[in-house]
Each structure stands twice: as structure tokens, then as C-alpha cells.
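Structural characterization, general
Chain by chain, the residues:
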Amino acid sequence: MIERIRQLLELIRFSHTVFALPFALLSALLAWQTVPFRWQDLLGILLCMVFARSAAMAFNRLADRHIDADNPRTAQRHLPARLLSVPVVAGFTAACSVAFVLSTLLFLPNRWPVILSVPVLAFLLGYSYAKRFTSWCHYWLSAALMLAPIAAWIAIRGDVTATPLLLAASVFFWVGGFDIIYACQDAEFDRGRGLHSVPARWGIPGALRIAFLSHLGTIVCLLALWQTSGLGWLFLTGVVLVAALLIYEHWLVRPDDLSRVNVAFFNVNAVISIGLLIVAAADLWFGTGTLSQVP
């Protein structure tokens, strides 16, 4: 049983939860500046994030199992390598999906999370088929992750304002950019299989330029968030450091050298997401800004 759990966590890349969860928590921290904190809201955010992401990743592995089997880079994943069976992964996907919907009950009497749970889940699962028909599939993934700060805000406050939308836009451009970088590894394979991606359509040099522009959009949105939310100089310092890390990420990956893609993909972006949450929390704790009323 322990070995099976370990394999399932490896299947869904559980450690990659660090990409979206910190932004959901950051959105929650900002929302709690104007409404009372409830422990069940925090628990609901954590459970919803874990179960929604787990369902989406497991479904993605199911949908792509035949593609993964043909790709030398992914042929050793759990389904192609027969380390896990299709019924086991399908059951895990279904269980996580149900658990996600049930977790939204923790936000009651706010009914919006329950109402939106099934449409949100459908959107998350739908990403798995995006590369079959659009080169912009990376931005379906980024749109899925950008729902995290919006959903957390709605779950706590029951409305949508500029603050979660700007945070979500930051996530959208950030994730889209680094997913394009990651997809450069499969440009030739995708082209040969008739799959769609930015690198397959525009080549690796063009893809890296698009990813850079996307990350430039991230910084613009974070600066807009800083300006409108009332966060202070600590958060602004964090934004400057994020910009430096994104530049470093693009320095690591070059059209003629993709050997450091995994370092750029996981290590740098994990530091960005967790680090931004830490500096924002510190900003709120020490009161370096003027955040008395979140717009």
C-alpha cells in the first residue's frame, strides 16, 4: 500500500503543487485583510488545491499514456512502463475529483465554491486534450493554474476584485512562459506526431522569445498588483527578485542547449512561487505598505 501511494504521488508529480498553491495562499492572505479568518477556509483551500491538481494530473497521464509511450523522454512514466494500471489511475482520478467537490463544502455558507466546483474541474481536466488542436495549449494550462488565486478569493470573500485578477494574470503569464520552455524538449516529437505546441509551430528560438515576452507580462502584472493592492516595499523587493530569477531562467535555457530545462522548470520556478508568498506574508506582517483596505 505504501509503495502504491508513493507511485501515485510520483505519477502526479506531487512536489509540483508548489507552483500554484503559494498563489492561492497569497490570495487568501490578501482576502483575510478584510474578512475574518476561518480555519475551515484554510483547510478547504489546501484540500481543494491538492485534490483538484491530483485529479487533473492523473487524468493527464491517462489521456497521454499512448503518446508518452512513444516519446523516449516519457516512456518510463508509470502508465507506459506498466508500474500502475489504467484502472488504478482512473480510480484515483475519480476519487480525487469527488474529494475536490466535497472539499468545497468547507466554505459554506458561501455556496459559490460548491456551484463552481464541477465547471472548474471540467476546465482543469480539459487541458489534457489541448495540444491535440491548439499551439497555445500552454496557456490553457496557465489559465487552469491562474484559477487558484481567483478561487481562493471567491471562497473567502464571495466576490471578485482587481486584486485576485492581477495576481491571476501574473500566474497566467508566468506558467505559460515556463511551460513553453519545458515544451521545447519535445518540439521535434510533437511535430512528428502532429501534436501542437509553440515550439513545434515556431521553433525553439521563436518559442523562447514568446516565453520571454510572457514572463515580461508576469512582471508587469505583479507591479500592477503592488501598485493597486497597497502592498509595500518588501513585496516590491520580491517582484524585483522574481524578475532577476526569470532572467536567470532564460539564461539557463538556450536554443542550442536544453540540458538545463529541468533546473529552470522546477528549481527556479519553485523559488519564485514560494519566495513571493514569503515576501508578501512578511510585507503584511510588518505592515510596510498601506494595505488597510484591499480594493
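For every chain, the first residue of its written sequence is number 1, and the numbers climb from 1 along that sequence. Where totals are concerned, whole chains, interfaces and linings use all residues; where local detail is concerned, this predicted model gives features only for residues with pLDDT of at least 70, and gives and counts side-chain atom pairs only at 80 or more. Hydrogens and water are ignored here; the side-chain numbers use all heavy atoms of the structure.

1. Remarks on the overall build of the protein
By the criteria applied, helices consist of DSSP H or I runs no shorter than four residues and strands consist of E runs no shorter than two, each listed in order from the N terminus. Across its full length, the protein carries 12 helices and zero strands. Relative to its length of 295 residues, the protein is compact, with a C-alpha radius of gyration of 19 Å against a globular reference of 19 Å. Only heavy atoms enter the contact rule, under which two residues are in contact if any of them lie within 4.5 Å. Taking the intrachain contacts of the protein between residues at least 6 apart in sequence as the baseline, contacts between residues at least 24 apart amount to 74%. The accessible surface values rely on the Shrake-Rupley method and a 1.4 Å probe; as for residues, cover is taken only from the protein chains in view. For the protein, the exposed surface amounts to about 13500 Å²; the carbon and sulfur share of it is 70%. In the protein, 20 side chains carry a positive charge and 15 a negative one; their mean positions are 4 Å apart. For the radius of gyration, the atom set is restricted to C-alpha positions; the globular benchmark scales as 2.2 Å times the number of residues to the power 0.38. Neither His nor the chain ends is counted toward charge; the positive residues are Lys and Arg and the negative residues Asp and Glu. Every charge is mapped onto a representative atom, which is NZ of Lys, CZ of Arg, CG of Asp or CD of Glu.

2. Examining empty space enclosed by the protein
For each structure, a 1 Å grid was placed over the protein atoms alone; sets of points admitting a 1.4 Å probe that cannot get out are labelled cavities, open sets with protein on both sides within 12 Å along at least five of seven lines are labelled pockets, and lining residues have an atom within 4 Å of a point. Grid points are joined across faces, edges and corners, and a volume is the space filled by probe spheres set on the points. This model, assessed by the stated rule, comprises one cavity of 30 Å³ or more. Estimates place the volume of the largest cavity at around 40 Å³. Lining the largest cavity are F23, S170, V171, W174, T218, L222, V242, I272 and L276. Contributing elements (two or more residues each) for the lining of the largest cavity: α8 (162-183), α10 (198-229) and α12 (261-286). Of the residues forming the lining of the largest cavity, the biggest block, three residues, is contributed by α8.

3. A look at helix α11 (residues 233-252)
Counting along an α-helix, one turn takes 3.6 residues, and residues three or four places apart therefore face a common direction. To estimate the expected span of a helix, count its residues, drop one, and scale the result by 1.5 Å. For α11, which comprises 20 residues, the first-to-last C-alpha distance of 29 Å matches the rise-based estimate of 28 Å (1.5 Å per residue) to within 8%. Each residue is placed in one exposure class: buried if its accessible area under a 1.4 Å probe, protein chains only, is under 20% of its type's maximum, exposed if it is over 50%, and partly exposed if it falls in between. All of the buried residues in α11 are L234, F235, G238, V239, V242, L246, E249, H250 and L252. Projection of α11 onto a plane perpendicular to its axis shows the buried side chains occupying an angular sector of 155°, all on one side. With respect to the buried face of α11, the exposed residues turned more than 90 degrees away are W233, V240 and I247. Elements in contact with the buried residues of α11: α2 (21-31), α8, α10 and α12. Note that the arc is defined by the directions from the helix axis to the C-beta atoms.

4. Observations regarding the packing of aromatic side chains
Stacked, tilted and edge-to-face pairs are distinguished by plane angle, under 30 degrees for stacked and over 60 for edge-to-face with tilted covering the rest, among Phe, Tyr and Trp rings (Trp via its six-membered ring) whose centres lie within 6.5 Å. Tallied over the entire structure, the rule returns 15 aromatic pairs. Seen in terms of ring centroids, F37 and W39 are 4.9 Å apart; in terms of plane orientation they differ by 85°. Their pairing is edge-to-face. Seen in terms of ring centroids, Y139 and F172 are 5.2 Å apart; in terms of plane orientation they differ by 40°. Their pairing is tilted. A residue pair is termed long-range when its members are at least 10 positions apart, and Y139 in helix α7 (residues 137-157) and F172 in helix α8 qualify at 33 residues. Its relative accessible area of 21% is what places F172 among the partly exposed residues. Ring pairing ties together the aromatic residues F19, F23, W174, F178 and F266, which thus form one cluster. When the ring centre of W251 is taken as reference, the NZ or CZ atom of R260 above it lies at 5.0 Å. Each ring is checked for a lysine NZ or an arginine CZ that lies within 6 Å of its centre and within 35 degrees of its normal; such an atom marks a charge sitting over the ring.

5. Side note on the side chain of R53
By the element assignment, R53 lies in helix α3 (residues 39-63). The residues touching R53, leaving out its near neighbours within four places in the chain, are I12, R13, F14, H16 and T17.

6. Here's the deal with a nonpolar patch on the surface
Among the surface-exposed residues, M1, I5, L9 and F14 lie close enough to one another that they form a single nonpolar patch of about 420 Å² accessible area. Along the polypeptide, I5 turns up in helix α1 (residues 2-11). Classification of I5 by relative accessible area gives partly exposed; the value is 43%. Excluding any residue in a salt bridge, patches collect residues exceeding 30% relative accessible area, merging like charges within 9 Å and nonpolar Val, Leu, Ile, Met, Phe, Trp and Tyr side chains within 5 Å. We count a salt bridge whenever a side-chain nitrogen from Lys or Arg sits within 4 Å of a carboxyl oxygen from Asp or Glu.

7. Remarks on the state of the cysteines
In a disulfide, the sulfur atoms of two cysteines are covalently bonded to one another. A pair of sulfur atoms, both from cysteines and within 2.5 Å, is called a disulfide here. One pass over the full model with this rule turns up zero disulfides. Unpaired in terms of disulfides, C137 finds its nearest cysteine sulfur in C184, a separation of 12 Å. Residue class for C137 comes out buried when judged on its relative accessible area of 6%.

8. Thoughts on the side chain of E249
Relative to the helices and strands, E249 resides in helix α11. Summary of buried charges: E249 has no salt-bridge partner, and the nearest side chain of opposite charge, R260, is 12 Å away. Discounting residues that sit within four places of it in the chain, E249 has contacts with F178, I181, H215, A264, V268 and N269.

9. Focus: α1
Taken together, the buried positions of α1 are Q7, L8 and L11. Taken around the axis of α1, the buried residues stretch over an arc of 100°, which confines them to a single face. If you follow the buried residues of α1, they end up packed against α3 and α5 (86-103). Positive backbone phi, approximately 50°, marks R13, located one or two places after α1.

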